[in-house]
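# Notes for the structure review
Below are the chains, spelled out letter by letter.
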Amino acid sequence: MIELNVKAGHAHKQRDDAVVLPLLEGRKLTESGKALQQASGKVLPNFLRKFDCMGTFGGSRTLYDVEGTFTQRVTLLGVGDEKKLSLHKLRVLAAKAARKLERSGARDVSLFLTELNVRGASIADKVQAVAEGVELGLYRFDKYKHKKDDKHRDLRSVTIMISSRSDLDKAEAAIARARAVSAGTNLARDLSNEPGNVCTPEFLGDQAAALSHENLNVTVMDKAAIEEIGFNNLLAVNQGSAKEPRFIILDYKGGNEGDAPVALVGKGLTFDAGGISIKPGAQMDEMKFDMCGSAVVLGIFKAITAMNLPINVLGLIPSTENLLGSAAYKPGDVLVGYKKDISIEIQNTDAEGRIILSDALAYAAEQKPAEIIDFATLTGACVVALGSHATGMLGTGEKIKKDLKLSGDHTYDRVWELPMHEEYQEQIKSDIADIRNIGGRDGGTITAACFLSRFVGDVPWAHLDIAGTAWNMKGNDISAKGGTGAGVRLVVDYLARKVS
Ligand code: BES
Ligand code: ZN
Ligand code: ZN
């Protein structure tokens, strides 16, 4: 675990192994850089004259043993045009700086990034973004590699420098929030990245139970308990698998007794081969990520318990594999699950996420929560529609969607709404049952949401289709290849705003 500190002070007085200073476009230094330049004579101006990086965003150059300083390295980090900076760019810069320093062999480093002007951002926002960038940028998943590829030395401490001592308290609180939300995101990434032979429904149950806390009660239902309560749709999908299903209930009571909770539901499909309607072989390995919805839910609980958020939250995770064993459910089968008054004709066993979610959503609605938000790697169509930069958002809860949009823009864990006009419901009509589990190729993300909508009753509800955002095989600015934890920053911010 890396130590994150905050401090007010001058760059040339820092004794850390490295000091990172921003360099604006046109080779212009900021406040801390100018102060360091005064203390160090001609070294910096001479260097800058030759500096071929120009201060463009993300580029960097390091000077060693600069006279008048106490640090071994001064790294100039290009930040581009200050007017174009955003909180997310700050997050990305911090991630880049942290990864670079890690490869340099430095152990203790200080970052002078919060003095940059970011329109509309408070000092607390900036400190939080920098701290998140460090924690998220340094994440890696290499526990199964005997020889690590990346030559680096783990950083021991990162000090986030601020200009004014009077902001120290606010900055400390911002760091605590960043730590909580990053720990939640990185937990979601870890669970997502675990291979399917390790991350089974039973494993997810154990991981959930490990989050138990004085305000968080975790119940893990095994197959017998699932049969007893009648989550028959979850059981139907589980029929093709040799591994037992689990149904996980997380009950967080941070708010007032009796306040209706926010219910969070996550798809915990630990491997999706498609079932009898088997998937093509290419990239089928990526279907170990079909439990990312559940990983996000667990990540959110990790963060909100660390933050002690004063709110009640109920988490529900149906978990199974979708395989092709001889007892597997089949196209043509008709199911009736926990919600007794809806029969479902199976037309494609690969549309299994909505099947297991139907039991969890119906159960959620029965608990009379204030609202329901579900997370699911539900449709390939969502990847086609939105790619990897926005999560698909649909649902009946207008206020939830509006607030999620705001939180998405603020955290850069973004959502984009797709419509759910009633005409789309036509596509899931069945000849033999009440509804069928696919609605044809057109509007696949929407008809999947239409299916889910049948199970939430009149509880305001938002559905987040994270199929395109939950993992990324190329990696992105703040995430290594694999699970991204998308949805954790978004919903932790959303919940925190409710109670602030
Ligand atoms: N888990 C998949 C959705 C998915 C596919 C997510 C690719 C991310 C990448 C889901 O269970 C599924 O297979 N959905 C089908 C539905 C179809 C049969 C209506 C799909 O999207 O192809
Ligand atoms: Zn599927
Ligand atoms: Zn699936």
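Residues numbered from 1 in each chain as written. Chains lettered and ligands numbered in written order. Predicted model: local features only at pLDDT ≥ 70, side-chain atom pairs only at ≥ 80, totals over all residues. Heavy atoms only, no water.

Bringing the domain arrangement of the protein chain into the picture now. Taken domain by domain, the protein chain consists of domain 1 (3-162) and domain 2 (183-498). It is His 88, Leu 136 and Tyr 139 in domain 1 that bury the most area against domain 2; as a group they hold 45% of the surface buried on that side. Between the two partners, domain 1 and domain 2, sit 1 salt bridge. There are 8 residue pairs in polar contact (both at pLDDT 80 or more) connecting domain 1 and domain 2. Among the elements of the structure, α3 (87-104) and α4 (123-137) are those that each provide at least two residues to the side of domain 1 that touches domain 2. Residue composition of the side of domain 1 that touches domain 2, by class: 7 nonpolar, 2 polar and 7 charged. (Domains from an automatic or database assignment. Buried area = accessible area lost by both parts, 1.4 Å probe. Salt bridge = Lys/Arg side-chain N within 4 Å of Asp/Glu carboxyl O. Polar contact = N/O pair within 3.5 Å; in protein donor to acceptor, adjacent residues only side chain to side chain. Helix = DSSP H or I, 4+ residues; strand = E, 2+ residues; numbered from the N terminus. Nonpolar A, V, L, I, M, F, W, Y, C, P; charged D, E, K, R; others polar.)

Before going further, it helps to examine the pairing of strand β9 (residues 246-253). Taking burial as the measure, the 8 residues of β9 include 6 buried ones, the bulk of the element. As paired elements, strand β8 (residues 216-221) and β9 share 6 bridges and run antiparallel to each other. Bridge pairing in β9 links Val 220 to Ile 248. Alignment of β9 against strand β12 (residues 312-322), held across 8 bridges, turns out to be antiparallel. Paired with Tyr 252 across the two strands is Val 313, which belongs to β12. (Buried < 20%, exposed > 50% of the residue type's maximum accessible area, 1.4 Å probe, protein only. Pairing = 2+ DSSP bridges.)

Distances from the zinc ion (ligand 2) to its protein donors, namely Asp 272 (OD), Asp 350 (O), Asp 350 (OD) and Glu 352 (OE), fall within the range 2.0 to 2.2 Å. Classification of the site at the zinc ion (ligand 2) as irregular follows from its 6 donor atoms and the range of 68 to 164° in their angles at the metal. Linear spacing of the donor residues for the zinc ion (ligand 2) on their chain is D-x77-D-x1-E. Separation of the zinc ion (ligand 2) from the zinc ion (ligand 3) amounts to 3.2 Å, with Asp 272 serving as a shared donor to the pair. Here Glu 352 falls in the buried class, since its relative accessible area comes to 0%. (Donors = N, O, S within 2.8 Å, 3.2 Å for Na, K, Ca; no water. Tetrahedral: all angles 85-135°; square planar, octahedral: opposite > 155°, others 65-115°.)

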